[in-house]
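Structural overview for review
Single-letter residue listing:
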Amino acid sequence: HPSSDSLEFGKGKQDRYWWCDSLFMGPPTWALLYQATGEKKYLDFMDKEWWAASDFLYDKDEHLFFRDSRYFTQKEANGKKIFWSRGNGWVIAGLARVLEILPANYPTRARYETQFKEMAAKIASLQQPDGLWHASLLDPESYPLKETSGSGFYLFALAWGINHGLLERATYQPVIDKGWIALNGCVTPEGKLGYVQQVGADPKSFKPEDFEVYGAGAFLLAGKEMYVLAGKGR
């Protein structure tokens, strides 16, 4: 019983992918349902809803996703558009998880690959001198702390892209290596990953000691792909 509600924030039942984080949460599950059952209808539903959300939230000039429709006209302190690091991390990680399952002959697979490559190139260009990404992708100076949850998802996706032949090693390996060293530097002596922006919907300030489970999860996803990238197998 698919919904046809509006994707605009606050409209309708809000049971579609109206916020970019949901592209990590929902579509890979539909792809897994296809994998478990062999029924293409699950992929077709996922595909329809992915591109509805993408057509609504993806900025085709910046190659980044708005978190939701509230941010279409808002600006950062420096006048740039608001693109939240972790929100875009959820998306590119969701793309990787969908592409891992999507059949090579699926009609729109090339479109997913193109979006993945566009986002990867943009994200790589926004890596900060400290090796990671800040809470606001286009206004990192307003949020001077490195942020590990978005960064973890980026490193996962970029390493995954090399491991699956979608990204060129020569271009992205230096970005990944620099980021991986920096990410490991955010682990405390007790083994806790810090510098995680707390639950939210847009860039906010936080403290070096802040931790959340999704930050650790992104770190583990990145670590698994780094293991593969080092030639240790899947």
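Our subject is the structure listed above.
These numbers were taken from a predicted model, which means no experiment stands behind them.

What about the environment of Asp61?
Mapped onto the secondary structure, Asp61 falls in the loop between β1 (58-59) and β2 (64-65). Look at Asp61 and you get exposed, because its relative accessible area is 69%. Sequence spacing of Asp61 and Pro203 is 142 residues, and the spatial spacing of their C-alpha atoms is 20 Å.

Description of helix α4 (residues 85-101)
Here α4 contains 17 residues, and its C-alpha end-to-end distance of 25 Å stays within 8% of the 24 Å for a straight helix at 1.5 Å per residue. Here α4 lies mainly inside the structure; 15 of its 17 residues are buried.

Focus: the packing of aromatic side chains
One pass over the full model with this rule turns up 17 aromatic pairs. Considering the side-chain rings of Phe116 and Trp160, the 5.6 Å spacing of their centres and the 75 degrees angle between planes classify their relative orientation as edge-to-face. Of the two residues, Phe116 is situated in helix α5 (residues 109-125) and Trp160 in helix α6 (residues 148-163); the sequence distance between them amounts to 44 residues. Feature note: the residues Phe24, Trp90, Phe153 and Tyr214 constitute an aromatic cluster, connected by ring pairs. Above the face of the Tyr195 ring, Lys146 is positioned so that its terminal group lies 5.1 Å from the ring centre.

Criteria and thresholds
Residues numbered from 1 in each chain as written. Predicted model: local features only at pLDDT ≥ 70, side-chain atom pairs only at ≥ 80, totals over all residues. Heavy atoms only, no water. Helix = DSSP H or I, 4+ residues; strand = E, 2+ residues; numbered from the N terminus. Buried < 20%, exposed > 50% of the residue type's maximum accessible area, 1.4 Å probe, protein only. Expected span 1.5 Å × (residues − 1). Phe/Tyr/Trp six-rings, centres within 6.5 Å; stacked < 30°, edge-to-face > 60°. Lys NZ or Arg CZ within 6 Å of the ring centre and 35° of its normal.

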